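# Structural overview for review
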Amino acid sequence: MKDNISHNEIIYFKRRLASRIREAVEKFPVVVVTGARQVGKSTMLQNEFDDFAYLTMDDYDLMERGRLDPQTLWKGKDRVVIDEAQKLPSLFNAIKLAVDSSHKRKRFILSGSSNLLLLKKVTESLAGRALYFDLLPMTYGEAEGSTAPENFFRLWAPRHIEPEQTLQDRSPLKFLMRGFMPPVLGMKDHGDVLLWLEGYVKTYLERDLRELSQVESLIDFRKVMQTLALRTGNILNQADIAKDSGISHPTTHRYIKLLEISNIIQRVPGFFGNRGKRVVKSPKVHFIDPALSIFLSGYFDEESLLQSRELGGFFETMVYLHVRSLCEMMKPRATVHYWRTTTGKEVDFVIEHGKKLLAVEAKMTDNPTVNDIKSLLFFMDEHPETVRGVLVHSGTAIKWLHSKIFAIPWWWLDL
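Every value quoted in this text rests on a predicted model; they were computed, and no experiment measured them.

### Considering the overall build of the chain
For the chain, the count of helices and strands is 16 helices and 17 strands. Over its C-alpha trace the chain gives a radius of gyration of 22 Å, about what one expects of a compact globule, namely 22 Å for 415 residues. Considering only C-alpha atoms, the chain reaches an extent of 65 × 50 × 50 Å along its principal axes. Looking at the chain as a whole, 55% of its 415 residues qualify as buried. Considering only residue pairs separated by 6 or more positions, the chain has 70% of its internal contacts joining residues 24 or more positions apart. Positive and negative side-chain charges in the chain, numbering 57 and 52 respectively, have mean positions lying 6 Å apart.

Laid out in structure tokens, this is it:
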């Protein structure tokens, strides 16, 4: 049964990251939670941290008070959540002074839709005082009420043998089309999802980014978004995006950076270790939600999506969302890379946790075969510290394709 909390007649799905944040806030004076608009930051903080005073800089009066005299916002309070904190950068120096002078009593949770790690003034003010977390859209497991991703944790045990079995069918198509943003999870009509996505692009992306930085032309900005959406799951080549969108290189670079600061896209760095092999070092790019990239690419129904040449990239982006969320749950958090040689061998995700590696390939196929794991085998031969290879597919079977590689349905990874 799903562990849900009713709040103001809205169903709240518990977020796994809340437990990590709760642990961190007892050890660090400041915890920073970033994530795109509408991923559920405010809802999580209000439901999970009701012992904290909740303040939001979306409240004009509070923001004005914070601008004039920020200390009054937390006067008499030792535990404070400040939502949309990036709207008032002067807060961060005041928080630093409050933390340093409170004899370790005060605790702050700062939340923002901008990636505060990319904002230099923030990182300088809170250096050594803050721990950062990234809240992504809801995952399959969270929506199903799974409090811990036990399957993913077991993958790191070298001697663990998962029995072969056939599981229930969870076709990825409806999940790709709907995505994982919390507001759409309960929508039954796909038309409602499309309307929500349209509003999200206009309201949160175009309006918010225009406020964050100068956007001369919303038409040009949308062209860059659409061109980038078609390339989700691919190596980021800004020159090609500028050429295909017809926008100048400097403007394209700035718009891509804006999307990254707003947590709409994330770069995945190349994994190159020290093996001396010639590998690609340019990053890959992924949208945080597959439905957003699909909508921006102009695919509004399952039939057109099935016929699209970008389907594999969209599926890989959905797997990335889950892999990236799972990495946030590890202690310390794991990092995600991809690996590609100059000769074309590629592994979609290399998850690094200390001296251990997990190699993950995403394949939109219902019937994975040995031919699908050739790059995984090559990578594991080059990197013997790899605990296991995993082929994530769109079918129903868990089956072993090699003594160190097994294939799993995409949704099983998150339970």
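On we go from here.
### Remarks on helix H4 (residues 91-101)
Taken together, the buried positions of H4 are Leu91, Phe92, Ala94, Ile95, Ala98 and Val99. All buried residues of H4 project into a common sector of 155° when viewed along the axis, lining one side. Exposed positions of H4 whose direction lies more than 90 degrees from the buried face are Leu97 and Ser101.

### Here we look at the packing of aromatic side chains
What describes a pair of aromatic rings is the distance from one ring centre to the other and the angle between the planes of the rings. Enumeration according to the criterion identifies 20 aromatic pairs in this entry. Geometrically, the ring pair formed by Tyr200 and Tyr204 is tilted, given 5.3 Å between the ring centres and 45° between the ring planes. A residue pair is termed a helical-turn pair when its members lie 3 or 4 positions apart in one helix, as Tyr200 and Tyr204 do in helix H9 (residues 190-212) at four residues. For Tyr204, a relative accessible area of 21% puts it in the partly exposed group. The interplanar angle of 35° and the centroid separation of 4.7 Å between the aromatic rings of Trp400 and Phe406 together place this pair among those described as tilted. For Phe406, a relative accessible area of 0% puts it in the buried group. Above the face of the Trp411 ring, Arg170 is positioned so that its terminal group lies 5.5 Å from the ring centre. Positioned above the aromatic ring of Phe133, the side-chain terminus of Arg333 is 5.2 Å from the ring centre.

### Focus on the sheet that holds strand E10 (residues 265-268)
In spatial order, the strands read E9-E11-E10; together these three strands make up an open sheet with antiparallel pairing. Two strands bound the open sheet, and with one partner strand each, they are strand E9 (234-235) and E10. Bridge analysis of E10 against strand E11 (residues 284-287) gives four bridges, and the strand direction is antiparallel. Within the sheet, the bridge partner assigned to Gln266 lies in E11 and is His286.

### Here we look at the packing of helix H10 (residues 218-229) against helix H12 (residues 249-261)
Following both chains from N to C, one finds H10 and H12 inclined at 70°, their axes separated by 10 Å at the closest point. What the angle tells us is that H10 and H12 run roughly perpendicular. Facing Asp220, Phe221, Val224, Met225 and Leu228 of H10, the residues of H12 in contact are Thr252, Tyr255, Ile256 and Leu259. Within the contact of H10 with H12, the residues separate by chemical class into seven nonpolar, one polar and one charged.

### Section: the sheet that holds strand E12 (residues 335-340)
If you trace the seven strands from one edge of the open sheet to the other, you get E8-E16-E17-E15-E14-E13-E12, paired in mixed fashion. Bordering the open sheet on either side are strand E8 (165-166) and E12, each of which pairs with just one other strand. Against the sheet, helix H16 (residues 374-382) engages E12, strand E13 (346-353), strand E14 (356-363), strand E15 (386-393), strand E16 (397-402) and strand E17 (405-409), with an angle of about 170° to E15.

### Considerations on empty space enclosed by the protein
Tallied over the full model, the rule gives three cavities of 30 Å³ or more. Space inside the largest cavity adds up to approximately 130 Å³. In terms of lining residues, the largest cavity is bounded by 14 residues, among which Arg15, Leu17, Thr139, Glu142 and Ser325 are the most central. For the lining of the largest cavity, the residue count by class is six nonpolar, two polar and six charged.

### Observations concerning the side chain of Thr56
Turning to its location among the elements, Thr56 is positioned in strand E4 (residues 53-56). A distance of 3.1 Å separates a polar side-chain atom of Thr56 from the backbone nitrogen of Asp58. Leaving out residues up to four positions away in the same chain, Thr56 has contacts with Leu62 and Asp83.

Definitions and cut-offs
- Residues numbered from 1 in each chain as written.
- Predicted model: local features only at pLDDT ≥ 70, side-chain atom pairs only at ≥ 80, totals over all residues.
- Heavy atoms only, no water.
- Helix = DSSP H or I, 4+ residues; strand = E, 2+ residues; numbered from the N terminus.
- Rg over C-alpha atoms; globule rule 2.2 N^0.38 Å.
- Buried < 20%, exposed > 50% of the residue type's maximum accessible area, 1.4 Å probe, protein only.
- Contact = heavy atoms within 4.5 Å.
- Lys, Arg positive; Asp, Glu negative; His and termini not counted.
- Charge placed at Lys NZ, Arg CZ, Asp CG, Glu CD.
- Arc of directions from axis to C-beta.
- Phe/Tyr/Trp six-rings, centres within 6.5 Å; stacked < 30°, edge-to-face > 60°.
- Lys NZ or Arg CZ within 6 Å of the ring centre and 35° of its normal.
- Pairing = 2+ DSSP bridges.
- Axes fitted to C-alpha atoms, helices over the stretch in contact; angles between N-to-C directions.
- Parallel < 35°, antiparallel > 145°, perpendicular 65-115°, else oblique.
- Nonpolar A, V, L, I, M, F, W, Y, C, P; charged D, E, K, R; others polar.
- 1 Å grid on protein atoms, 1.4 Å probe; cavity = no way out; pocket = protein on both sides within 12 Å on 5 of 7 lines; lining within 4 Å.
- Points joined across faces, edges and corners; volume = space filled by probe spheres on them.
- Polar contact = N/O pair within 3.5 Å; in protein donor to acceptor, adjacent residues only side chain to side chain.

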